[in-house]
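Chain residues, written in single-letter form:
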Amino acid sequence: MNPNLSPKKLRQLIRNREWTTPTSGAAKGYLQANLVMLPREEAFNFLLFCVRNPKPCPILDVLEPGQTEPTIAPGADLRTDLPRYCIFENGQLKEEVEDVSALFNDDMVCFLLGCSFSFENAMLAAGLPVRNLEENKNVSMYITRIPCQPAGPFSSSLVVTMRPMTPEQAIRAVQVTTRFHLTHGAPVHIGSAEEIGIKDLNHPQFGDSVRIRDGEIPVFWACGVTSQLAATSASLPLVITHAPGHMFVSDLRDEDLTLL
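Conventions we followed
Residues numbered from 1 in each chain as written. Predicted model: local features only at pLDDT ≥ 70, side-chain atom pairs only at ≥ 80, totals over all residues. Heavy atoms only, no water. Helix = DSSP H or I, 4+ residues; strand = E, 2+ residues; numbered from the N terminus. Buried < 20%, exposed > 50% of the residue type's maximum accessible area, 1.4 Å probe, protein only. Contact = heavy atoms within 4.5 Å. Areas by Shrake-Rupley, 256 points an atom, 1.4 Å probe, with all protein chains shown as cover. Pairing = 2+ DSSP bridges. Axes fitted to C-alpha atoms, helices over the stretch in contact; angles between N-to-C directions. Phe/Tyr/Trp six-rings, centres within 6.5 Å; stacked < 30°, edge-to-face > 60°. Arc of directions from axis to C-beta. Salt bridge = Lys/Arg side-chain N within 4 Å of Asp/Glu carboxyl O.

Colleague: Can you walk me through the overall build of the protein chain in this structure?
Modeller: In terms of helices and strands, the protein chain carries six helices and 11 strands. Each of the three principal axes of the protein chain carries a C-alpha extent, and together these read 50 × 40 × 35 Å. Counting every position in the protein chain, which comprises 260 residues, the buried fraction comes to 55%. Of the contacts made within the protein chain by residues no fewer than 6 positions apart, 77% connect residues no fewer than 24 positions apart. Total accessible area on the protein chain is roughly 10900 Å²; 49% of this is exposed by carbon and sulfur atoms.

In structure tokens form, the structure reads like this:
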């Protein structure tokens with residue numbers, strides 16, 4: 001992995017299928033985003049779901065129906081510039097693919113939502129551990145029993161990412177990530193996983209498990225995969241999302257978000 005790639009270069013590698021792995025740690029310092037594509041007739045209700053649940057679903061960009069070039073990355077194409085996509089039909093995962101050009105149509109609306117990968121650089125700069133990067137893995141993601149506020153046909157439980165650290169480091173992590181309000185901000189829970197309905201930290205629903213060392217506790221942030229669960233809860237004929245950990249990398253710098 002080359003953390004010093006520019007976003008444009010990284011997107012070109014992805015478009016050429018020369019990069020097909022998760023994007024955590026890539027294009028260091030640039031904003032990464034979750035992607036949801038769904039039919040225009042339900043776009044307002046999905047937008048309402050995101051507005052009602054800003055912690056897991058912070059809105060970065062919403063495109064006009066049929067458009068695939070986001071304002072946060074001129075020249076990019078959301079049909080080709082993510083490493084991997086999930087295709088859902090009637091709420092069920094049909095397949096994962098590396099290009100959705102043949103599936104996307106003029107009736108679909110694209111949503112880009114904030115991702116916690118975007119504050120990992122700030123955590124590293126503060127001397128905090130990011131275990132999934134240390135172990136060259138995708139981040140651990142879990143479905144909790146915390147309900148989100150529904151909107152129209154969309155509903156979901158909160159999904160969280162987990163990064164282990166000492167209690168002292170957890171306090172510092174709260175201070176570092178709070179200002180990144182458009183990429184999930186401060187943790188939503190620290191400590192006992194059972195309290196939020198997670199039975200086994202060694203078996204995340206998405207991503208990879210990581211080592212929790214002696215003296216460390218789990219620290220949980222809201223996760224944009226929540227939007228994927230919500231988008232597929234309505235059993236729509238077609239929904240396209242990013243595959244967990246395989247994000248869209250924009251031209252915005254992470255630090256830019258702290259000023260918005």
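Colleague: Looking at this structure, I do not really get the sheet that holds strand 9 (residues 217-222). What am I missing?
Modeller: Within a sheet, adjacent strands bond to each other through the backbone by hydrogen bonds, running parallel or antiparallel. Strand order in this open sheet of four strands is 6-7-9-8, and the pairing throughout is antiparallel. In this open sheet, the two edge strands, each paired with only one partner strand, are strand 6 (140-147) and strand 8 (189-190). Across six bridges, strand 7 (residues 157-165) lies against strand 9 in antiparallel orientation. Considered in strand 9, the bridge of threonine 161 is made with tryptophan 221. The strands touched by helix 5 (residues 167-177) within the sheet are strand 7, strand 8 and strand 9, with strand 9 carrying the most contacts at an inclination of about 15°. Seen against the sheet, helix 6 (residues 225-233) touches strand 6 and strand 7 and runs at an angle of roughly 160° to strand 7.

Colleague: Would you take a moment to explain the packing of aromatic side chains for this structure?
Modeller: We describe a pair of aromatic rings using the distance from one ring centre to the other and the angle between the two ring planes. The full count for this structure, using the stated rule, is five aromatic pairs. Where phenylalanine 46 meets phenylalanine 49, the ring centres are 6.5 Å apart and the plane angle is 15°; that geometry is what we call stacked. Of this pair, phenylalanine 46 and phenylalanine 49 both sit in helix 2 (residues 43-52), three residues apart, which is roughly one turn of the helix. Aromatic pair phenylalanine 119 and tryptophan 221: ring centres 5.4 Å apart, planes at 45°, arrangement tilted.

Colleague: Even after reading the chapter, I still don't get helix 1 (residues 7-15), so can you show me in this structure?
Modeller: Quick reminder: α-helices carry 3.6 residues per turn. Residues three or four places apart thus point the same way. Residues Pro7, Leu10, Arg11, Leu13 and Ile14 constitute the buried set of helix 1. In an axial view of helix 1, the angular spread of the buried residues amounts to 160°, which keeps them on one side of the axis. Where helix 1 is buried, its residues touch strand 1 (30-39) and strand 11 (248-253). A positive backbone phi angle near 65° is found at arginine 17, which sits one or two residues after helix 1.

Colleague: Please clarify how the pattern of salt bridges should be interpreted in this entry.
Modeller: Pairs can form between side chains of opposite charge whenever their charged atoms are close. Across all of its chains, the model carries 13 salt bridges by this definition. In this structure, the salt-bridge partner of glutamate 98 is arginine 17, at a minimum N-O distance of 3.4 Å. Remark: arginine 17 occurs in the loop between helix 1 and strand 1 and glutamate 98 occurs in the loop between strand 4 (92-97) and strand 5 (108-114); sequence separation between them is 81 residues. Classification of arginine 17 as partly exposed rests on a relative accessible area of 26%. Linked by salt bridges that have partners in common, Arg17, Arg84, Glu96 and Glu98 make up one network.

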